[in-house]
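# Coordinate inspection notes
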Amino acid sequence: GIRGRGTLDMTGANGHSVGGKIGKPSRSKAAKTAGGVQPATAPSNNVAKYPGEEDEKDGGVLFYVNKSGFPIDERTWQRMWTHVAKIHPGGKEMAESIRKAAFIPRPPVPLLPKYKQSMSVPEWLRTIQSYMKLLQYNHTGTQFFEIKKIRPLSWLMDTAREMTRESLPIKCLEAVILGIYLTNGLGIVERFPISFKTQFSGNYFHHVVLGVYHNGRYGTLGMSRREDLMDKPLVFRTLSDLIFEFEESYRKYLHTVKKVKIGLFVPHDPHSFQQIEWKHLVLSTGKTSREEVRKEIEKHARDMRMKMIKISGSQSPVKERQRGKSLSPRRRQISPQRRLNRRDKSPAITDWKPAELNTLNDVGYQIRI
């Protein structure tokens, strides 16, 4: 059902707001584009399908993406409400009761969190996650902010700033971009995307969170319908322990993890034209033993940390030669070179298979995550 704001109440995209968040005048300068919205799982023939956009599916259930910018145009607005009437248990009556209400209180707008020098890193991450929870998860079936994974980081950061201006409910992919934006100023925290593909009752579901690394510990930021599938505290000693924690959480909802994708550390420069590496390591967990999964994840984690050390070392100032110390090339230590090419480590293991949920294949409902 629709939890979100609970105040998707306006009379129309061009009408006067009666207290809802969506109909308020926008401060955004986002330009409108023709065509309004397109179903994320069934793009129009006139809309190009870019690589990396396949993860917008939600268990085979269509949801739409607002491509008209802000203010939301009439076509997008009407399509959103039509879709809400179809997916909400209350149907059209529920939607009409909100849209025709004489008055609905205006929901509070969360204040953008500000970092203080006295804050520890875990405290700042909890503050960011609390801000996301105040925005709330988007249950309308229409994603309000268009996220194209192939766009450069600078473009995605502009979208994140728009999220803070509009203060609308967000989904998991939007939360990853917002989390990157809010942690850009903290150079001692590394961020990287973690994606999951799961199966329940014959349907596949996709989810993504923002992994964080600081001082030898891993955690996550994110948004989900489920409390234990979004943020994780900064307490995990290894990246594999963090991934296995998510697997345990998925089992509570009878979901089987089929594939895990882990990206690379995201640069802290908000003006960078570099793209986010979303899936540098791809693991088919259903075809790989647990020990092999752990081995590949930890190798990937070491590669990321090594690359981080090289980058920080190349940007550090050259030390002055100390008196009596030799800087002979023969005595200088050279870091081993590692090639970070994209790889898919999914060796087939015939003698080990995870438990399948065959008894649920005929269930007529879906547990969405």
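Residues numbered from 1 in each chain as written. Predicted model: local features only at pLDDT ≥ 70, side-chain atom pairs only at ≥ 80, totals over all residues. Heavy atoms only, no water.

## Here's the deal with the pattern of salt bridges
Throughout the structure, instances matching the rule amount to ten salt bridges. A salt bridge links glutamate 247 to arginine 290; the shortest N-O distance between them is 3.6 Å. With glutamate 247 in helix H6 (residues 239–252) and arginine 290 in helix H7 (residues 290–315), the pair connects residues that are 43 residues apart, well separated along the chain. (Salt bridge = Lys/Arg side-chain N within 4 Å of Asp/Glu carboxyl O. Helix = DSSP H or I, 4+ residues; strand = E, 2+ residues; numbered from the N terminus.)

## Details of the nonpolar core
Among the nonpolar cores identified, the biggest contains 49 residues, and Ile170, Ile177, Leu178, Ile180 and Ile276 are the most heavily contacted of them. Sequence-distant contacts of leucine 178, that is, excluding residues within four places in its chain, are made with Tyr131, Met132, Leu135, Ala160, Met163, Thr164 and Ile170. Core analysis: the next-biggest nonpolar cluster, separate from the first, contains 26 residues, Val209, Tyr218, Phe246 and Val293 among them. (Core = buried A, V, L, I, M, F, W, Y, C linked by side-chain atoms within 4.5 Å. Buried < 20%, exposed > 50% of the residue type's maximum accessible area, 1.4 Å probe, protein only. Contact = heavy atoms within 4.5 Å.)

## A word on the packing of helix H3 (residues 121–135) against helix H5 (residues 172–182)
One can describe the packing of H3 onto H5 by two numbers: an axis separation of 11 Å at closest approach and a directional angle of 140°. Judged on the interaxial angle alone, H5 and H3 are oblique. Like other packed secondary-structure pairs, H3 and H5 cross with a definite hand, here right-handed. The segment H3 lies against H5, with Trp124, Ile128, Tyr131, Met132 and Leu135 engaging Ala175, Leu178, Gly179 and Leu182. Residues belonging to the contact of H3 with H5 are distributed by class as follows: eight nonpolar, one polar and no charged. (Axes fitted to C-alpha atoms, helices over the stretch in contact; angles between N-to-C directions. Parallel < 35°, antiparallel > 145°, perpendicular 65-115°, else oblique. Left-handed = near helix turned anticlockwise from the far one by under 90°. Nonpolar A, V, L, I, M, F, W, Y, C, P; charged D, E, K, R; others polar.)

## Details of the confidence of the model for the protein
In the predicted model, the protein carries a mean pLDDT of 78, and 68% of its residues have values of at least 70. Contacts of residues 1–57 to residues separated by more than four positions or lying in other chains number 152 contacts, the stretch itself having pLDDT below 50. Throughout residues 346–364 the model reports pLDDT below 50, and contacts reaching past four residues in sequence, or to other chains, amount to 28 contacts. (pLDDT = per-residue confidence, 0-100.)

## Description of unusual backbone geometry
Cis geometry marks the peptide bond from phenylalanine 70 to proline 71; its omega dihedral reads -5°. Relative to the elements of secondary structure, proline 71 occurs in the loop between strand S2 (64–65) and helix H1 (74–87). For serine 201, which is not glycine, the phi torsion reads 50° and is therefore positive. Relative to the helices and strands, serine 201 resides in the loop between strand S4 (190–200) and strand S5 (203–214). The phi dihedral of asparagine 215 falls on the positive side, at around 55°, and the residue is not glycine. Note on placement: asparagine 215 falls in the loop between S5 and strand S6 (217–221).

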